[in-house]
Amino acid sequence: MSEIVLLGINHKTAPVELRETLSFTEEEIVDTLDTLKCRKGIDEVLLFSTCNRTEILIVTNTRDECIAGVEGFISKYKDIPMSTFAPSLYIYRGEQAVQHLFRVTSSLDSMIVGEPQILGQVKSAYRTATRCGSSGVILNRLLHKSFSIAKKVRRETGIGDNAVSISYAAIELASKIFTCIQDKNVLLLGAGEMAEIAVEHLISHGVSSIVVANRTFKNALTLAEKFNGRAVRFEERESFLHRADIIISSTGASDHVITQNHVKAAMRTRKNRPLFFIDIAVPRDIDPKVNRISNCYLYDIDDLQEVVNENLHERQKEAVKGERLVDEAVIKFHHWLEELKVVPTIISLKEKIDAITEAETEKTLAGMKTLSEKDRQAIQRMTRAISSKILHDPILFLKNSGDHRNDSFYINAARNLFNLDKIDEECSNRQQPLS
């Protein structure tokens, strides 16, 4: 019987140096799928590779042989001794494999719980597998269910709420200070990467304008053009303070570039309208005394990190709900798999009973020449209905597997009771080509 197997490494089991050597490009993924799908014992296969994980999902009817074969393939394909990656490799089978995939797709297994990128990455891997023809009935169902549960977890929990990056935390704080940030003006001091990312997020939230001040005016101009904003000389920063609502500072200065006196002067011109400072620089760019000024809100890198840590804690609490939803989905998928196992037996049983019914009906009708066509059709309908009613309870029993029963025993009993293996063998022999 086919079984689902998952082999992989991730950020929990392997350092970045090993993850890099075992990562697969898009071309390598296609090459690997084309190779593995032709291997004996592998019915279906999917591979996805990100910066934090590489995982191979397989449907096989020879589990141990398949696992050994895939390990050997990875070693040869990547030219890495098996002893190098084997200790970091995890292998899940059956329900464990299903549960792991559902957790990964739902971002419960991610480095940052709730990050949305992983769902798109798994979807991309699935599209590649379908293009390569390496995904079949079981993986198709499994992947679609994983996408469904990922959306359900995000919809029914707060796993994706609350900022968990420094730049997003800045935006979250800005949204609390200003009821609406769409009409706010931003002053960017310096050109640090985190500050730039924060500005990008602010633009996505519709801020009104961006002014960039940098010690190297050329760099300020380049950055301003990127944001469709305005570049000014660094020495002009004080004169632009009163025009800004949000100031993000990330310079390499060794001393404060915005002092308490600068802000006091700006606030008089602003008529005390709120002013929000995000100081991402180390050492700090903005004098901490600014926080003492009424309607001025200053957050440094430690403040933002505190917000991030608090939000991560909130996400972890929401993740508990997500785990419950995943467990429910695993149970439902297991029931579907069990039903799938019984399908060939149900088909064989139905075909045998239908064949007997049809043969006996035709034999009876052959001796009743005086019957009208209407009467013949009525008898045929009646015999088919009797056949269907006789099969109803046995089929229902086979399909509705219990939690504690041995389904293989009942499938085997049904096949022996109705001698179904002989029927299947006869069908197989009839399909053999003539020599």
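The structure presented is a predicted model; accordingly, all values stated were derived computationally and were not measured.

Criteria and thresholds
Residues numbered from 1 in each chain as written. Predicted model: local features only at pLDDT ≥ 70, side-chain atom pairs only at ≥ 80, totals over all residues. Heavy atoms only, no water. Helix = DSSP H or I, 4+ residues; strand = E, 2+ residues; numbered from the N terminus. Buried < 20%, exposed > 50% of the residue type's maximum accessible area, 1.4 Å probe, protein only. Core = buried A, V, L, I, M, F, W, Y, C linked by side-chain atoms within 4.5 Å. Contact = heavy atoms within 4.5 Å. 1 Å grid on protein atoms, 1.4 Å probe; cavity = no way out; pocket = protein on both sides within 12 Å on 5 of 7 lines; lining within 4 Å. Points joined across faces, edges and corners; volume = space filled by probe spheres on them. Nonpolar A, V, L, I, M, F, W, Y, C, P; charged D, E, K, R; others polar. pLDDT = per-residue confidence, 0-100.

(A) The arrangement of unusual backbone geometry in detail. Residue Val 282 is joined to Pro 283 through a cis peptide bond whose omega torsion reads 0°. Relative to the assigned elements, Pro 283 resides in the loop between strand S9 (275–279) and strand S10 (296–300). With a phi close to 60°, Lys 271 is a non-glycine residue in the positive phi region. Relative to the helices and strands, Lys 271 is located in the loop between helix H12 (260–270) and S9. You can call Lys 271 exposed: its relative accessible area is 73%. Phi at Asn 295 takes a positive value of approximately 65°, unusual for a residue other than glycine. Residue placement: Asn 295 occurs in the loop between S9 and S10. Look at Asn 295 and you get partly exposed, because its relative accessible area is 27%.

(B) Spotlight on the nonpolar core. Within the largest apolar cluster, 61 residues are counted, with the highest numbers of intra-cluster contacts made by Ile 4, Leu 46, Leu 57, Phe 102, Leu 142 and Leu 143. With residues up to four places along the chain from it excluded, the contact list for Leu 143 reads Leu 46, Leu 57, Leu 101, Val 122 and Tyr 126. Among the nonpolar cores identified, the runner-up in size contains 32 residues, and Val 199, Ile 210, Phe 227 and Ile 246 belong to it.

(C) Inspection of empty space enclosed by the protein at higher detail. Counting across every chain of the model gives two cavities of 30 Å³ or more. Considered as a void within the structure, the largest cavity measures approximately 70 Å³ in volume. Ranked by the residues each element gives to the lining of the largest cavity, the list is headed by strand S1 (residues 3–10), at three residues. For the lining of the largest cavity, the residue count by class is seven nonpolar, two polar and no charged.

(D) Quick look at the confidence of the model for the protein. When the pLDDT values of the protein are averaged, the result is 89; 94% of them are 70 or greater. Counting interchain partners and residues more than four positions distant, the pLDDT-below-50 stretch residues 430–435 has zero contacts.

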